[in-house]
Amino acid sequence: MKAIASRLKPLLRWVILGACLFFLAAVLKQNWESVTTIRITEAGWACLIMALGVTLYAHIVAGWVWGWILRRDFQQLVPWAWIIQAYLQTNIAKYLPGNIWHYYGRVQAATQAGASLEAATVSVLLEPLLMAAAALLVAVFSSQAIVSQYGFLSLLLHWLILVGILLALHPKVLNLLIRKLAKAKQKATPVLKSVATPVSLNHYPWMALLGELGFLLLRGGGFLLTFQALSSFTSSQVPVLFSAFSLAWLLGLVVPGAPGGMGVFEATVISLLGREFPSGLLLGVVALYRLVSVASEALGAGLGWLDQQRDKNWHGARGTGQETFSD
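This one's a predicted model, so the numbers in the text were calculated from it and none came from an experiment.

Rules of the game
Residues numbered from 1 in each chain as written. Predicted model: local features only at pLDDT ≥ 70, side-chain atom pairs only at ≥ 80, totals over all residues. Heavy atoms only, no water. Helix = DSSP H or I, 4+ residues; strand = E, 2+ residues; numbered from the N terminus. Buried < 20%, exposed > 50% of the residue type's maximum accessible area, 1.4 Å probe, protein only. Contact = heavy atoms within 4.5 Å. Areas by Shrake-Rupley, 256 points an atom, 1.4 Å probe, with all protein chains shown as cover. Axes fitted to C-alpha atoms, helices over the stretch in contact; angles between N-to-C directions. Parallel < 35°, antiparallel > 145°, perpendicular 65-115°, else oblique. Left-handed = near helix turned anticlockwise from the far one by under 90°. Nonpolar A, V, L, I, M, F, W, Y, C, P; charged D, E, K, R; others polar. Expected span 1.5 Å × (residues − 1). Core = buried A, V, L, I, M, F, W, Y, C linked by side-chain atoms within 4.5 Å. Phe/Tyr/Trp six-rings, centres within 6.5 Å; stacked < 30°, edge-to-face > 60°. Lys NZ or Arg CZ within 6 Å of the ring centre and 35° of its normal. pLDDT = per-residue confidence, 0-100.

1. Thoughts on the overall build of the chain
Link 1 in the chain: Along the backbone of the chain there are 13 helices and zero strands.
Link 2 in the chain: In the chain, the succession of helices and strands from N to C terminus is α-α-α-α-α-α-α-α-α-α-α-α-α.
Link 3 in the chain: In the chain, which comprises 327 residues, the proportion classed as buried is 46%.
Link 4 in the chain: Long-range contacts, defined here as pairs at least 24 residues apart, represent 78% of the contacts in the chain between residues at least 6 apart.
Link 5 in the chain: Counting only carbon and sulfur atoms, one obtains 69% of the accessible surface of the chain, whose full area is about 17,300 Å².

2. A short note on the packing of helix H6 (residues 117-141) against helix H10 (residues 206-230)
Link 1 in the chain: In contact at an axis separation of 8 Å, H6 and H10 are set at 60° when each is read in the N-to-C sense. Between H6 and H10, the angle is such that the two are oblique. As H6 packs across H10, the resulting crossing turns out to be right-handed. The segment H6 lies against H10, with Glu-127, Leu-130, Met-131, Ala-133, Ala-134, Ala-135, Leu-137, Val-138 and Phe-141 engaging Ala-208, Leu-209, Glu-212, Leu-213, Phe-215, Leu-216 and Leu-217.
Link 2 in the chain: Considering only residue class, the contact of H6 with H10 consists of 14 nonpolar, no polar and two charged.

3. Concerning helix H5 (residues 101-112)
Link 1 in the chain: The end-to-end C-alpha separation of H5 is 16 Å, in line with the 16 Å expected for twelve residues at 1.5 Å each.
Link 2 in the chain: Taken together, the buried positions of H5 are His-102, Tyr-103, Gly-105, Arg-106, Val-107, Ala-109 and Ala-110.
Link 3 in the chain: Its buried side turned inward, H5 meets helix H3 (42-73), helix H4 (80-91), H6 and helix H11 (238-254).

4. Description of the nonpolar core
Link 1 in the chain: Among the nonpolar cores identified, the biggest contains 79 residues, and Trp-66 and Phe-223 are the most heavily contacted of them.
Link 2 in the chain: If sequence neighbours within four positions are ignored, Phe-223 has contacts with Leu-241, Phe-245, Phe-265, Val-269, Val-285 and Tyr-289.

5. Description of the packing of aromatic side chains
Each aromatic ring pair is specified by the distance between its two centres and by the angle formed by the two planes.
Link 1 in the chain: A full pass over the atoms with the stated rule returns 16 aromatic pairs.
Link 2 in the chain: Through successive ring pairs, a cluster of aromatic residues spans Phe-223, Phe-227, Phe-233, Phe-245, Phe-265, Phe-277 and Tyr-289.
Link 3 in the chain: Lying across the ring of Tyr-87, Arg-106 places its NZ or CZ 4.0 Å from the centre.

6. With respect to the confidence of the model for the chain
Link 1 in the chain: Across the chain, the average pLDDT comes to 80, with 74% of residues at or above 70.
Link 2 in the chain: Ranking the elements of the chain by mean pLDDT puts helix H1 (residues 2-30) last, at 54, and H10 first, at 95.
Link 3 in the chain: Below pLDDT 50 for its whole length, residues 190-195 participates in zero contacts with residues either more than four positions away or in separate chains.
Link 4 in the chain: For residues 320-327, every residue scores under 50 in pLDDT, and the model assigns this stretch zero contacts once sequence neighbours within four places are set aside.

7. Some remarks on the packing of H4 against H5
Link 1 in the chain: Here H4 crosses H5 at 150°, and the two axes come no closer than 9 Å. In this view, H4 runs roughly antiparallel relative to H5, as classed from their interaxial angle. Between H4 and H5 lies a crossing of right-handed hand. For the pair H4 and H5, contact is made by Trp-82, Ala-86, Tyr-87, Thr-90 and Asn-91 and by His-102, Gly-105, Arg-106, Ala-109 and Ala-110, respectively.
Link 2 in the chain: Considering only residue class, the contact of H4 with H5 consists of five nonpolar, four polar and one charged.

8. Side note on the side chain of Arg-290
Link 1 in the chain: Looking at where Arg-290 falls in the secondary structure, it is placed in helix H13 (residues 279-326).
Link 2 in the chain: Classification of Arg-290 as buried rests on a relative accessible area of 12%.

9. Observations regarding unusual backbone geometry
A negative phi holds for most residues other than glycine; trans holds for most peptide bonds.
Link 1 in the chain: You will see that Gln-75, though not glycine, has its phi angle at about 50°, which is positive.
Link 2 in the chain: If you trace the backbone, Gln-75 turns up in the loop between H3 and H4.

And the structure:
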């Protein structure tokens, strides 16, 4: 049974991605004329530039949250500057097939910087859980919009999933996971006996959750600015836009087979907002927002690398100066 499941899993990923792309192609074909009429004004370009800046800042905030988890929640002595640099550099790897390489890169980078394998692994597992909880919180804040658009059962489902995730973030659950990881490490390396005290979480990660909530609000703000670049919207439509964005972003995070949520996010936004806005407009918005997202992640990776090289050069020059002085 496990062998069959392992064989079907890659196929399922391709089916999901293919279905999303087919849906987007069908919508594009039906609304091609309206898409070709879309024009970006000077004010629209200004909105896109602001969207790029806000989205880049959101990734910096996410890097800070990961650093908070490592340093404050798990007491790992990892430099703050290095944490954000590593986060920004690994974030672009989410677009590689498998959608796991950015997590693997963070675990590897954290252990190289001195964090324990257990703390690095749990921090990487904890991050998407916190992001999912934050996305559901943003959606629940728009409960009136959810009920009016998708029905009361949809709101109830959101609450149930949110409560389940919040319970999974409890220290008792996370510490159980840490102990299992420690046992797995000992079985893998029975000759090595770790004398260090295993990491554990002694409080609920409220600060990290609030940080991820800020990350989601910034990402949603970037989405609204991208929308504003093509069309205006009323203040009464903001909750609907935020709710749809949060749910689409969450599905892009959790659905397998979609690197960076590509295809899943776009199809979900169009499905959720199709009754509120023209499909041609939504196609333009999701296409532009994908460009903004990729550009911000590429820019963040480049800035993280440049900042890391500057730190290396500065420390190298400082070391050279110290050696010359001692001589």
